[in-house]
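Spelled out from the first residue to the last, the chains are:
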Amino acid sequence: STADARFCAALARGLRIEYATDRWMSPPSEVSEATARDARNTFLATVRKSNRARLIWTGHQQDDIAESMLMRLARGSGTGGLAAPRPVQDWASAGLRLRPLLDLSRAQLREALRAVGATWREDESNQSPSYFRNRLRNQVVPGWIDAAGRDALAGAATARERLAEDDDALEAWLQELAPWAADGSLSLKLLSGRPVALWRRALHRWVLAQDDPGDLSRRGFEHLLALAQKGATCRFSLGKAGFVKIRKGRLSFEKLSC
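Position labels on residues start from 1 in each chain and follow its written sequence. For a predicted model such as this one, the threshold for reporting local features is a pLDDT of at least 70, and the threshold for listing and counting side-chain atom pairs is 80 or more; totals across whole chains, interfaces and linings nevertheless cover every residue. Note: side-chain values were computed over all heavy atoms of the structure, leaving out hydrogens and water.

Draft legend 1. Geometry of the pairing of strand β6 (residues 242-247). Think of it this way: DSSP has to see at least two bridges between two strands before they count as a pair. Only DSSP runs of H or I covering at least 4 residues are called helices, and only runs of E covering at least 2 are called strands; the numbering of each starts at the N terminus. Summarising the sheet, strand β5 (residues 234-237) and β6 pair through 4 bridges and their orientation is antiparallel. When the bridges of β6 are listed, Cys 234 appears paired with Ile 246. Between the end of β5 and the start of β6, which pair antiparallel, lie 4 residues, with Gly 239 showing a positive phi angle near 75 degrees. Here β6 runs beside strand β7 (residues 250-255); their pairing, made up of 6 bridges, is antiparallel. Paired with Ile 246 across the bridge in β7 is Leu 251. Counting the residues between successive antiparallel strands, the hairpin from β6 to β7 contains 2 residues, one of them, Lys 248, with a positive phi of roughly 55 degrees.

Draft legend 2. Seen up close, helix α2 (residues 33-50). In this scheme, a helix's expected span is set at 1.5 Å multiplied by one less than its residue total. With 18 residues, α2 extends 26 Å between its outermost C-alpha atoms, agreeing within 8% with the 26 Å of an ideal straight helix rising 1.5 Å per residue. Considered for burial, the residues of α2 that qualify are Ala 39, Asn 41, Ala 45 and Arg 48. Looking one or two residues beyond α2, the residue adopting positive phi is Arg 52, at roughly 55 degrees. Burial classes: relative accessible area under 20% of the type maximum marks a residue as buried, over 50% as exposed, and values in between as partly exposed (1.4 Å probe, protein chains only).

Draft legend 3. Spotlight on the pattern of salt bridges. Here a salt bridge means any side-chain nitrogen of Lys or Arg lying within 4 Å of a carboxyl oxygen belonging to Asp or Glu. Applying the stated criterion across every chain, the model contains 18 salt bridges. Its salt-bridge partner being Arg 86, residue Asp 167 comes within 2.8 Å of it at the nearest N-O pair. With Asp 167 in helix α7 (residues 152-177) and Arg 86 in the loop between α4 (79-82) and β2 (88-90), this pair connects stretches of sequence that are 81 residues apart. Since its relative accessible area comes to 10%, Asp 167 is described here as buried. In this structure, the salt-bridge partner of Glu 254 is Lys 245, at a minimum N-O distance of 3.6 Å. The class for Glu 254 is partly exposed, based on a relative accessible area of 26%. By relative accessible area, which is 30% here, Lys 245 ends up partly exposed. Here the salt bridges do not stand alone but share partners, grouping Asp 63, Asp 64, Glu 67, Arg 106, Arg 133 and Arg 137 into one network.

Draft legend 4. Main features of the sheet that holds β6. Pairing is antiparallel across the open sheet formed by 4 strands, whose spatial order is β4-β7-β6-β5. Either end of the sheet is taken by a strand with one partner, and the two such strands are β4 (186-187) and β5. Note on definitions: a residue-residue contact is assigned when non-hydrogen atoms from the two residues lie within 4.5 Å. Axis definition: a line fitted to C-alpha atoms, limited for helices to the stretch in contact. Angles are taken between N-to-C directions and run from 0 to 180 degrees. Each of β4, β6 and β7 touches helix α8 (residues 196-209); the most contacted strand, β7, lies at about 20 degrees to it. Packing of helix α9 (residues 218-230) onto the sheet brings it into contact with β5, β6 and β7, and relative to β5 it is tilted by some 170 degrees.

Just geometry here; none of it tells us what the structure is for.
See below:
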């Protein structure tokens, strides 16, 4: 990583652009793909704010799309998760993320660099089998491309675009229905007769809006979804957080009294 930082600093000097770096220290037992990603995003947000910048550009490309899609398939993600990474993503207070290289594969980018005599660094940590993405990158994706017999990376990129379109359509439909009331409850009547994908999205959004939704497992969420679609008066426990109450066509949260 020290050599990577030196290379980037020299490149920035050659291009006459400002360079910023930082060092992240964490106990080995606490290092994971998620914690490293959070640390990187925190650093980028800090640099963006200090420079009063609006945009963050990243170098994600088609290989990242395929890897992310396979990772999220294993987790049971829906259209929103499978549509990542998007070329333009609004992170609200964290600024806009732009990913202009999503139409290119890693091999195409390397070939372009070779053609102009440019050098680059390969992150050595990408070879470590300790992380799920690396195992997919080094063991699964190459065999998948060989087995497909065609440009599987471009196919994954096209699938990502179609999934993003479907995800945007569902989101627009849900916003038109606007099943959330000012008191924080969810109108089940407005969702009646709609596709289950719309129910699932509305309920998921409602759960995330709660201050303390408790520890709701995937199985628990599916059970709550079934109860919501049925619409009968009932209460669903969210553990120490409280209850979900379904009554008169509305779903609401009821905190446990002390």
